[in-house]
Amino acid sequence: MDVLTGWWDDYFWGALIVGKVFICSLGLMILFGLLGAMAKLSNSRVAQKIAGAYTVVFRGTPEILVILLLYFGSAIALTSIAQIFNPDIKFVDVPPFWAGTIAISIIVGSYATETFRGAFLGVNPGSIEAARALGMSDLQTFIYVRIPEMWRLALPPFGNHMLSLIKDTALISIIGLNETMFVAKQAITVTGKPFTMYIVVGAIYLGFSTIVTLFVMGVEKFGERTTIGAK
Amino acid sequence: MNDENNQPLIQMHGVNKFFGAFQALKNINLDVRRGERIVVCGPSGSGKSTMIRCINRLEEHNNGHIIIDGKELTDKVKDINAVRREVGMVFQSFNLFPHMTIVKNLMLAQQLVRKVSKVEARETAMLYLQRVKIPEQADKYPIQLSGGQQQRVAIARALCMKPEIMLFDEPTSALDPEMIHEVLEVMTDLARDGMTMICVTHEMGFARSVADRVIFMDAGEIIEEADPKTFFNAPKSERTKKFLSQILTH
Amino acid sequence: MSFDFSLIAESLPLMLMGIGITFKLLVISGVLGFCLAVGLLLMRISGKWYLNFPAQVYIYVFRGTPILVQIFIIYYGLPQFEWIRDSVFWAVLREPTGCAILALTLNTGAYVSEILRGGVLGVGKGLLEAGSALGMSARQKFIYITTPIAARLALPAYSNDVISLLKSTALASTITIADMTGIARTIVADTYAPYEIFMSLAIIYMIFTFGLQKLFGVIERYLGRYSRREG
């Protein structure tokens, strides 16, 4: 255990990065998911096709590949664009944090699209009819009837999407993100104890997973309490 | 085949059943002779289903004795299986095995529990399918049959095990009105052939024409029991009268 | 920025050489993982706390940590222990392929056991009561009633997991295995053409995914033949 002395604060900062990635990717994932779901549910054939392609592409491609493509690809793209303005620029570096965060948001967003779509479709049509019959506007129906029912339906799979975001963060270490895996790699070269170091990484991620799972359970309880159930 | 000392086929003495703090059965005493047809009625939550489910151990009674054909029903698996061999049950929601054809539904338990050969099981199955008047459905899947047909298959499935006693737990409550008749017809035939049966039902016409005894339960207790004529024309208890007035006026 | 199609044409055959390894990882881990999953499932539904609890802990740990961490712990971490290096398992654990298969198996086993458990829980209680009323033993009910129905219920989720497993095989490239992704990364390192290479690789995976989905569609139709009304 003393091999870990001196590394705890590095792990701490690494864990903080994991947290940062989570917060940023969570927002983006919800955005992509909602856009995709609304596109699929819209009347526009074009939107449906694009959203369809989105889900097929990113659910069928390995996450590591998307991360690599986005990271290396965007570096090249941005370099080319920058060279238009300033031909002396040799290379534009894309921070692994953003390449990775955007990549995992896009990927998990494609799953979230299906989840949100299913949840919107799962809203009881009777409730909507009742709202219309009572004279509520479309917007009011959306806010007060559709959304409350929809997020409760989406919650369990959404919890899984949040867990996916956390676990996919470890993949971003491959492109150099300075989170816990990265810290472990450095620690290993110094201490020569790969097992111990990676176990700590696992424990940190398990901790994050547990927090998210408990949070989701709490929200589910809240959702149940404030729903008029069959009891 | 006669019971020793002409004992009743089913004996329930002082049976109580609790679900946590809630008492579902209060001091139930009931004797059923071989060949008797009993109808049990009462409001929801009165414990009627619980009572018959205790007879084949789908529910466990907390105290009191239940004795079927001389064998006491206890925790022991041997005792439970011995009882289940002799007691057939028909459920409100049919519970046919959806992934098997009709004839396979009828054959499965025969082969597994009574260790009957495949050929013999099929013969018995077709015999009882004939009896419930739908032999042509043998190779279909349950989902392809109407509710009334499914319930008749369920009755046939229970009969294939050649039980001494048949329990019916609200067999027509989940059926569309036009299908209730075909199921009651089968049950009436069965009663005429001398099958000992306990039937939880709201079908009072059936009770009047078939039952030897009608039992009224409320809040876990047996309130009144009598032959159908007395029960419907001259009920003794206030609660019975109230119940009858509620269900017979529509 | 031009798209170099000739490069794709040259690289495709190289990447496809890795398909054998990808396939091997997928099938072996899939089969072994399934066996493990069945074992865990039986432990979970046994009703005995000394079987249920360890299974729950195992599943919790393996679903709560990133698979990349699990791979690294096995490949980089285990050699830290001399007793591992001296044991009979070393022949397998020394090779990256063996480590990858072990990690993927342990991981997918945890996920699949929960999927199977979901199927088992979905079997209608009334059906089991009918079995009891007919005098069937617990073992008979499990074999003839629970298993066929649970299999049909679990199939969609299981097919998703197999596709996840396929995507996880790409992570084998991080421990030097020359699967399709590994070969692709080598090519990209040489040619600096991430778009062409990674995109064509993504298409290969998508085709693979599509094939798996079609396969499971056939299986689903076969298993579900009793739940469709047309005779």
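Located above this text is the structure these notes cover.
Notes on the structure follow. (Residues numbered from 1 in each chain as written. Chains lettered and ligands numbered in written order. Predicted model: local features only at pLDDT ≥ 70, side-chain atom pairs only at ≥ 80, totals over all residues. Heavy atoms only, no water.)

### Here we look at the interface of chain C and chain A
Alright, step 1. Counting from both sides, the interface comprises 33 residues of chain C and, opposite them, 36 residues of chain A.
Alright, step 2. Buried surface at the junction of chain C and chain A, summed over both partners, amounts to about 3,000 Å²; 77% is from carbon and sulfur atoms.
Alright, step 3. Counting across the chain C and chain A interface gives one salt bridge.
Alright, step 4. Its salt-bridge partner being C:K167, residue A:E63 comes within 3.8 Å of it at the nearest N-O pair.
Alright, step 5. Remark: the boundary between chain C and chain A carries ten residue pairs in polar contact (both at pLDDT 80 or more).
Alright, step 6. Listed by contribution, the elements that provide at least two residues to the side of chain C that touches chain A are α3 (49-64), α4 (67-77), α9 (138-169) and α11 (194-223) of chain C.
Alright, step 7. For the side of chain C that touches chain A, a count of residues per class yields 24 nonpolar, six polar and three charged. (Contact = heavy atoms within 4.5 Å. Buried area = accessible area lost by both parts, 1.4 Å probe. Salt bridge = Lys/Arg side-chain N within 4 Å of Asp/Glu carboxyl O. Polar contact = N/O pair within 3.5 Å; in protein donor to acceptor, adjacent residues only side chain to side chain. Helix = DSSP H or I, 4+ residues; strand = E, 2+ residues; numbered from the N terminus. Nonpolar A, V, L, I, M, F, W, Y, C, P; charged D, E, K, R; others polar.)

### Regarding the pairing of strand β3 (residues 37-41) of chain B
The two faces of a sheet get side chains in turn, since along a regular strand they alternate between them.
All names here are of chain B.
Alright, step 1. Within β3, five of the five residues are buried, which leaves it mostly tucked inside the rest of the structure.
Alright, step 2. By the alternation rule, side chains of β3 split into R37, V39 and C41 and I38 and V40, which are all buried.
Alright, step 3. Taken together, the four bridges between β3 and strand β8 (residues 196-200) define a ladder with parallel strand orientation. Looking at β8, one finds that V39 is bridged to C199.
Alright, step 4. Relative to strand β9 (residues 213-218), β3 is paired through four bridges, and the arrangement is parallel. From the neighbouring strand, I38 faces β9, where its bridge partner is R213. (Buried < 20%, exposed > 50% of the residue type's maximum accessible area, 1.4 Å probe, protein only. Pairing = 2+ DSSP bridges.)

### Examining the sheet that holds strand β2 (residues 22-32) of chain B
Residues and elements named next belong to chain B.
Alright, step 1. Strand order in the open sheet formed by four strands is β2-β1-β4-β5, with antiparallel pairing between adjacent strands. Two strands bound the open sheet, and with one partner strand each, they are β2 and β5 (71-72).
Alright, step 2. Of the strand pairs in this sheet, strand β4 (residues 63-68) and β5 are connected by two bridges, and their pairing is antiparallel. Bridge pairing in β5 places I67 opposite E72.

### A word on the environment of C:Y75
All names here are of chain C.
Alright, step 1. By the element assignment, Y75 lies in helix α4.
Alright, step 2. Its relative accessible area of 18% is what places Y75 among the buried residues.
Alright, step 3. Distance in space between the C-alpha atoms of Y75 and A100 is 7.7 Å, their sequence separation being 25 residues.
Alright, step 4. Sequence-distant contacts of Y75, defined by excluding residues within four places in its chain, comprise R94, E95, P96, C99, I175 and T176.

### Focus on the arrangement of the chains
Alright, step 1. Counting contacts across all two pairs of chains that touch, the top pair turns out to be chains A and C.
Alright, step 2. Where chain A comes nearest to chain B, the C-alpha atoms are still 16 Å apart, and the two do not contact one another.

### What to know about a positive patch on the surface
Alright, step 1. A surface patch of like charges, here positive, comprises B:R85, B:R114, B:K115 and B:K162.
Alright, step 2. Locating B:R85 in the fold gives a position in helix α2 (residues 77-86). (Patch = residues over 30% accessible without salt bridge, like charges linked within 9 Å, V, L, I, M, F, W, Y side chains within 5 Å. Areas by Shrake-Rupley, 256 points an atom, 1.4 Å probe, with all protein chains shown as cover. Lys, Arg positive; Asp, Glu negative; His and termini not counted. Charge placed at Lys NZ, Arg CZ, Asp CG, Glu CD.)

### Notes on a nonpolar patch on the surface
Residue and element names in this part refer to chain A.
Alright, step 1. On the surface, L139, F142, I143, Y144 and I147 cluster together into a nonpolar patch covering about 490 Å² of accessible area.
Alright, step 2. Position of L139 relative to the elements: it lies in helix α6 (residues 138-169).
Alright, step 3. The class for L139 is exposed, based on a relative accessible area of 58%.

### Thoughts on the packing of helix α5 (residues 125-133) of chain A against α6(A)
Each packed pair of helices is defined by two parameters, the angle between the axes and the distance between the axes.
All names here are of chain A.
Alright, step 1. Running from amino to carboxyl end, α5 crosses α6 at an angle of 150 degrees, the nearest separation of the two axes being 10 Å. By the angle class used here, α5 and α6 are roughly antiparallel. Pair α5 / α6 crosses with right-handed handedness. Along the contact surface, α5 presents S127, I128, A131 and R132, while α6 presents D138, T141, V145, R146 and E149. (Axes fitted to C-alpha atoms, helices over the stretch in contact; angles between N-to-C directions. Parallel < 35°, antiparallel > 145°, perpendicular 65-115°, else oblique. Left-handed = near helix turned anticlockwise from the far one by under 90°.)

### Comments concerning the packing of aromatic side chains
Alright, step 1. Under the counting rule described, the total for this entry stands at 20 aromatic pairs over all chains.
Alright, step 2. When the ring of C:F23 is compared with that of C:F208, the centres are 6.3 Å apart and the planes differ by 25 degrees; the resulting orientation is stacked. Of this pair, C:F23 sits in helix α2 (residues 19-44) while C:F208 sits in helix α11; the two residues are 185 residues apart in sequence, bridging distant segments of the chain.
Alright, step 3. A residue is classified by how much of its surface remains accessible, and C:F23, at 46% relative accessible area, is partly exposed.
Alright, step 4. Ring-pair connections join several aromatic residues into one group, and the members of that group are A:Y198, C:F72, C:Y75 and C:Y76. (Phe/Tyr/Trp six-rings, centres within 6.5 Å; stacked < 30°, edge-to-face > 60°.)

### Some thoughts on the pattern of salt bridges
Alright, step 1. A full pass over the atoms with the stated rule returns 24 salt bridges over all chains.
Alright, step 2. Note that B:E164 and B:R34 form a salt bridge whose closest N and O atoms lie 2.6 Å from each other. Remark: B:R34 occurs in the loop between β2 and β3 and B:E164 occurs in the loop between α5 (147-159) and β7 (165-169); sequence separation between them is 130 residues.
Alright, step 3. What makes B:E164 partly exposed here is its relative accessible area of 23%.
Alright, step 4. Judged by relative accessible area, which is 32%, B:R34 ranks as partly exposed.
Alright, step 5. With its nearest N and O atoms 3.6 Å apart, the salt bridge here joins B:K133 to B:D189. You can see B:K133 sitting in the loop between α4 (118-131) and α5 and its partner B:D189 sitting in helix α6 (residues 177-192), a full 56 residues away along the chain.
Alright, step 6. Each of A:K40, A:E114 and A:R117 takes part in salt bridges that share partners, so that together they form one network.

### Quick notes on the packing of helix α1 (residues 5-17) of chain C against α11(C)
Residue and element names in this part refer to chain C.
Alright, step 1. With their axes 10 Å apart at the nearest point, α1 and α11 run at an angle of 50 degrees to one another. When the axis of α1 is compared with that of α11, the two are oblique. For α1 against α11, the interelement crossing comes out right-handed. Packed against α1, whose contacting residues are L7, I8, S11, L12, M15 and L16, the element α11 presents E196, I197, S200, L201 and I204 at the interface.

### Regarding helix α4 (residues 96-122) of chain A
All names here are of chain A.
Alright, step 1. Between its first and last C-alpha atoms α4 spans 38 Å; for 27 residues at 1.5 Å apiece the expected length is 39 Å, and the two agree.
Alright, step 2. Of all the bends in α4, the greatest, near 30 degrees, is centred on S110.
Alright, step 3. Within α4, 19 of the 27 residues are buried, which leaves it mostly tucked inside the rest of the structure. (Expected span 1.5 Å × (residues − 1). Bend = angle between axes of the 7 residues up to and from the residue.)

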